[in-house]
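Per-entry structural report
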Amino acid sequence: VRCPRGSATPLLVDDGYVANATGQQVACSVGHFCQGGVEKPCRIGHFQTNTGAANCVTCPRGKFQNATGQTSCVDLTTPGFYTVNGIKLACPPGKFNDRTGGLRPCDSCASGTYQNVAAQHSCKPCGVCDSGPRDKCGGSFEGVCPVCSPGTFVNASAKRCQACASGTYQNE
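Here the structure is a predicted model, which is why all the values come from computation and not from measurement.

For the protein chain, the helix and strand inventory stands at zero helices and 18 strands. Computed over the C-alpha atoms, the radius of gyration of the protein chain is 30 Å, more than 25% above the 16 Å expected from 2.2 N^0.38 for a compact globule of 172 residues. Seen through its principal axes, the protein chain has C-alpha atoms that stretch 110 × 30 × 15 Å. Put simply, the protein chain has 172 residues, and 29% of those count as buried. Partitioning the intrachain contacts of the protein chain with sequence separation of at least 6 by distance along the chain shows that 26% fall at a separation of at least 24. Of the roughly 10,200 Å² that the protein chain leaves accessible, carbon and sulfur atoms contribute 53%.

Below, the structure is given as structure tokens:
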């Protein structure tokens, strides 16, 4: 509500405007919107290039804005990220994104690979221990080295568990 100088009749402030000290309507600033005479910054994922705006615009697909009160959006040029509703998000562990542009979501690591760190452009191959290929490797988990069962031992050069020779044993 505003009261223009010299008037006793209050008037509503139009959307896109605020009232100044003399009761005159003033256009809302860029990067902001005005409703009910209150100016607010555009929230993350949104922008506004014009003055006198009643709302902000959502960033287009593949662009983001992670700050408030902005006049533009930013192109996503970093692999390992994607955009949702104008917000830049990191691929979580177990997923990756090797593309720029943010138009497609992150992909899951393929069988035999894992990624235990967020915001990555690729997955890591599952390793091999002295006792053989890692067990339960995949997604965000690098797996664990298998434990050789009694009667076998770690053959480091062959990278696997091997049966003990006849007449010998391994009970650990």
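More follows now that the structure is in view.
Moving on, we come to the state of the cysteines. Enumeration over the complete set of coordinates arrives at eight disulfides. Through a disulfide, Cys59 is tied to Cys73; the S-S separation comes to 1.9 Å. Around the S-S axis, the bridge from Cys59 to Cys73 shows a dihedral of about -80° and counts as left-handed. Of this pair, Cys59 sits in the loop between strand 6 (57–58) and strand 7 (63–64) while Cys73 sits in the loop between strand 7 and strand 8 (74–75); the two residues are 14 residues apart in sequence, bridging distant segments of the chain. Of the two residues, Cys59 and Cys73, neither departs from the other in class, the shared state being buried. The side chain of Cys109 participates in a disulfide bridge whose partner is Cys123; the two sulfur atoms lie 2.0 Å from each other. Judged by the sign of its S-S torsion, about -80°, the bond between Cys109 and Cys123 is left-handed. Placement of the pair is Cys109 in the loop between strand 12 (107–108) and strand 13 (113–114) and Cys123 in the loop between strand 13 and strand 14 (124–125), with a sequence separation of 14 residues. For the pair Cys109 and Cys123, a shared accessibility class is recorded, and that class is buried.

All chains considered together, the criterion is met by zero aromatic pairs. Sitting over the face of the ring of Phe81, Lys88 holds its NZ or CZ atom 4.4 Å from the ring centroid.

Looking now at the environment of Phe33. One can find Phe33 in strand 3 (residues 32–35). With relative accessibility at 18%, the residue Phe33 sits in the buried group. Setting aside anything within four residues of it in sequence, one finds Phe33 in contact with Cys28, Val38, Glu39, Lys40, Pro41, Ala53, Ala54, Asn55 and Cys56.

When you line up the elements, Cys28 lands in the loop between strand 2 (25–27) and strand 3. Each C-alpha atom, one on Cys28 and one on Val74, is 23 Å from the other, the two residues being 46 residues apart in sequence.

Reading guide: rules and limits
Residues numbered from 1 in each chain as written. Predicted model: local features only at pLDDT ≥ 70, side-chain atom pairs only at ≥ 80, totals over all residues. Heavy atoms only, no water. Helix = DSSP H or I, 4+ residues; strand = E, 2+ residues; numbered from the N terminus. Rg over C-alpha atoms; globule rule 2.2 N^0.38 Å. Buried < 20%, exposed > 50% of the residue type's maximum accessible area, 1.4 Å probe, protein only. Contact = heavy atoms within 4.5 Å. Areas by Shrake-Rupley, 256 points an atom, 1.4 Å probe, with all protein chains shown as cover. Disulfide = S-S within 2.5 Å. Phe/Tyr/Trp six-rings, centres within 6.5 Å; stacked < 30°, edge-to-face > 60°. Lys NZ or Arg CZ within 6 Å of the ring centre and 35° of its normal.

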